[in-house]
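Results of the structural survey
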Amino acid sequence: MYPATITANELESLIQEKCCISTVRPFQISCSLNLIKGEDLFLVVAPGMGKTVVMSAPLLVAQRNGENGIAIVVVPSKILTEQQARAFNACGIRALAINEDTQRDAFYRQRNLVKELSSGTDVRAAVVTPWMVKNERLQDILSSGPARAQLRWLFVDEVHLANKKDPSVWLEAYTALIHLRARLPSRVIWGAFTGTATSLEARDIALSLGFRPGHYVMARYTVDRANVKYIPRFLEHPVSGATFLDLSFLVPFSATSPGDIPSTLVFCDTIELGYRVINFLDSLLPVHMPNRSRLIMPCNALMDLVDRDKFKAGMDSGSIRIGVVTDTCTYGFNIQATRVVTFCTSSVPAYSKLMQQWGRVSRDGSPGVVYAFVPSWVRDVPFFEVKSKQQKEDQARREKLPKVIVEWFNATEMRCPRQVHLAFNDQPFVRPHPCCSLHDPEPERDLNGAMVLRWKEHLEKLAGGAVKERLPRTDGTHCRLEPHMKASVSRVLDHWRIRRWATLCSDDADEPANAFISDELLTRLGDKLHICTTYERFSRVVGSWDHLNEHGRDLFAYVTEILSGFDEIFLARDAVVDAGESEELAELHSKATSSSQVSQQAGKDTDAMQLVKAERTSVSASNISSVAPRDNDHLVLPNYPQVLPPHTDADSGPSLQVATTSSKKLPRVLLRVAKREGDSSSSTGFTEVEDDGGMHCPSNVKKRRKGEKRATVSKASSKENKSPDD
């Protein structure tokens, strides 16, 4: 430990002068003094609060005192090495960014960056990525050579990436730092900085990097930024195409000049997604807007240093209004933006990465807003509502997410996103104003919702009509209905429409039932019935129905029972098919056994499976048709009841006829539906049908049985082919 060579007031004045800032935060003064005294420091503070100032302070003081020395600053990305080097140079400290790109450029210019760093008698810094720590040339400073004697500081930024206990954030390259403490002189002053580490994580990371308990300063400050409002949202519109209505509010519908668009950073999962978002947002800009082609620009790892510098300058100057970026800008990217949007369309990144991305907003302390979009499967669903196969898969995906992410995006007014965030970091909750979309939903909720609606209507008008929304795919719970089944469903749904309309309209009303729900919508529902495993999916199929809010739940319950009945029919058909396949399997097994015996006697290796395949292909179409024949385009199962077209009765209207071909009973769900169709007093209220999760879908059943059959025949053939010596 060294005595402080500067007072707090003198240090504040020096930082204001050299770093060109008007206000120095108290933690910056106290932590800088720790480093100036020669104490190791582990600093945890919210992103964007000014950790670079703390790194610069001891170098500025040494420079003021006429001393010399080298500082090694480790940062996680190449773009951050360049930015930090510029920050040091702006303060008057000679700094070099050393990464793969800068070394290659220096080689072509016949420069040696490490040699330039080693030479000199001034205070200087090398900003490197963790991959460069093992670089042979850098070893002249770290392990040997005359420059090693001048090494005085080693700072590690975003040190939470060295946490091996959290695979979601651990950056393997940071492993090179673990053994660095033993290689460096004991006089080297260490500093570790992060904005995303809990108390326990901070202690574990410090221990792994060689910070000795009791011999370093653990400085932990609030990770909350009271000037930021958090707005979690679930994706409501398709994201697989070229339209992203969830983001349309970023461009005001009435915008006429670039200044009407707030400065925004949009973080995308991939570069490809980022360019699709750019094309969509660019299409929303008026054609007469000045500098239209440069208002929305990308920044990603494919861009060189010159283009990234132009992007940053454009964001800082305001000539670029929306920047669409990737992980390249996650850590330490210091630009001006009043809105940050994290647009996660498929997976959800680590919480620490989300915190870093949210930390890019309003770094100057002005009010800022964070919009965090995640897929709809992140939405928490009560366990008793999880029934379909897709819901079960979504639940399994949610269970794999960290608890803090699920709680943050499913926050309530009693436990809002900011409260979840502070509790995760073991810090007390102090509610600012505005806080989040739960406590302060306006003005964003109404303004953004109205903007999205206006853009949707505008795009539909440009397309010459309603934009066809892509429906969800089947989740495997129910099988796609065959044409004759869809015809029967259409008649049953029409009967439901007539009876429901009769209870709604007056006696003297002349309007037909299709005024209640159109024929086109009923046909659409019958065609997509198999995907209606949840009410959300059902509402997307019949989304244009005017009476969805009043009668949608009743129709969905009715549809659910119809589907359950068809599920039992499919299972019954598979049972009949399986009985026929069992006899075929026994015959094929017998032939395979005889064939293997003949092969052994002749001394040849005959493949019994070839015979099995040949026999299997010889099964005639008549055998298949006899399993499930059809009559008048209606399903007829052997020894099973037949569903016939409804007849019209003058008193009771259409009803469902059942022609029993044997003593077996009709599946209980279809029987309930049939009885209700004949009972005019039963128009609402249906029993909940338990979902089998798609386990008995015929496609799944057939695949499973084919695999079992092949395995049985293969096992029998291999057993017969064994010689007595085996």
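To start, this report covers the structure provided alongside it.

Basis of the calculations
- Residues numbered from 1 in each chain as written.
- Predicted model: local features only at pLDDT ≥ 70, side-chain atom pairs only at ≥ 80, totals over all residues.
- Heavy atoms only, no water.
- Salt bridge = Lys/Arg side-chain N within 4 Å of Asp/Glu carboxyl O.
- Buried < 20%, exposed > 50% of the residue type's maximum accessible area, 1.4 Å probe, protein only.
- Helix = DSSP H or I, 4+ residues; strand = E, 2+ residues; numbered from the N terminus.
- Expected span 1.5 Å × (residues − 1).
- Bend = angle between axes of the 7 residues up to and from the residue.
- Phe/Tyr/Trp six-rings, centres within 6.5 Å; stacked < 30°, edge-to-face > 60°.
- Lys NZ or Arg CZ within 6 Å of the ring centre and 35° of its normal.
- Core = buried A, V, L, I, M, F, W, Y, C linked by side-chain atoms within 4.5 Å.
- Contact = heavy atoms within 4.5 Å.

Here we take up the pattern of salt bridges. Under the counting rule described, the total for this entry stands at 26 salt bridges. A salt bridge links Glu116 to Arg111; the nearest nitrogen and oxygen atoms lie 2.9 Å apart. Judged by its relative accessible area of 36%, Arg111 is partly exposed. Members of the salt-bridge network, linked through shared partners, are Lys78, Asp101 and Arg104.

Let us look at helix H3 (residues 51–64). The first and last C-alpha atoms of H3 sit 21 Å apart over 14 residues, in line with the 20 Å expected at 1.5 Å per residue. Maximum bend of H3: about 30 degrees, positioned at Ala57, with proline Pro58 one to four residues after it. Of all 14 residues making up H3, 11 are buried, and the element is well covered by its neighbours. Taken residue by residue, H3 has Lys51, Val53, Val54, Met55, Ser56, Ala57, Pro58, Leu59, Leu60, Val61 and Ala62 as its buried positions.

So, about the packing of aromatic side chains. A full pass over the atoms with the stated rule returns 26 aromatic pairs. Where Phe42 meets Phe211, the ring centres are 6.0 Å apart and the plane angle is 75 degrees; that geometry is what we call edge-to-face. Of this pair, Phe42 sits in strand E1 (residues 40–44) while Phe211 sits in the loop between helix H9 (199–208) and strand E7 (216–220), placing them 169 residues apart in sequence. Across this residue pair, the class does not change: Phe42 and Phe211 are buried. Ring pairs connect the aromatic residues Tyr230, Tyr351, Trp358, Trp408, Phe409 and Phe424, which therefore count as one cluster. Between the NZ or CZ atom of Arg553 and the centre of the ring of Tyr535, over which it lies, the distance is 3.7 Å.

As a further point, take the nonpolar core. If you look at the biggest cluster of nonpolar residues, it comprises 83 residues, and the most contacted ones within it are Leu11, Phe42, Leu43, Leu59, Ile72 and Phe88. Ranked by residues supplied to this core, first place goes to H3 with 8 residues. When sequence neighbours within four positions are dropped, the list of residues in contact with Phe88 reads Met55, Ser56, Leu59, Val73, Ile93, Ala95, Ala125 and Val127. Residues Met297, Cys329, Ala372 and Phe409 belong to the second largest nonpolar core, which totals 37 residues.

Our next topic: the environment of Ala219. Relative to the assigned elements, Ala219 resides in strand E7. Measuring from C-alpha to C-alpha, the distance between Ala219 and Phe27 comes to 8.6 Å, with 192 residues separating the pair along the chain.

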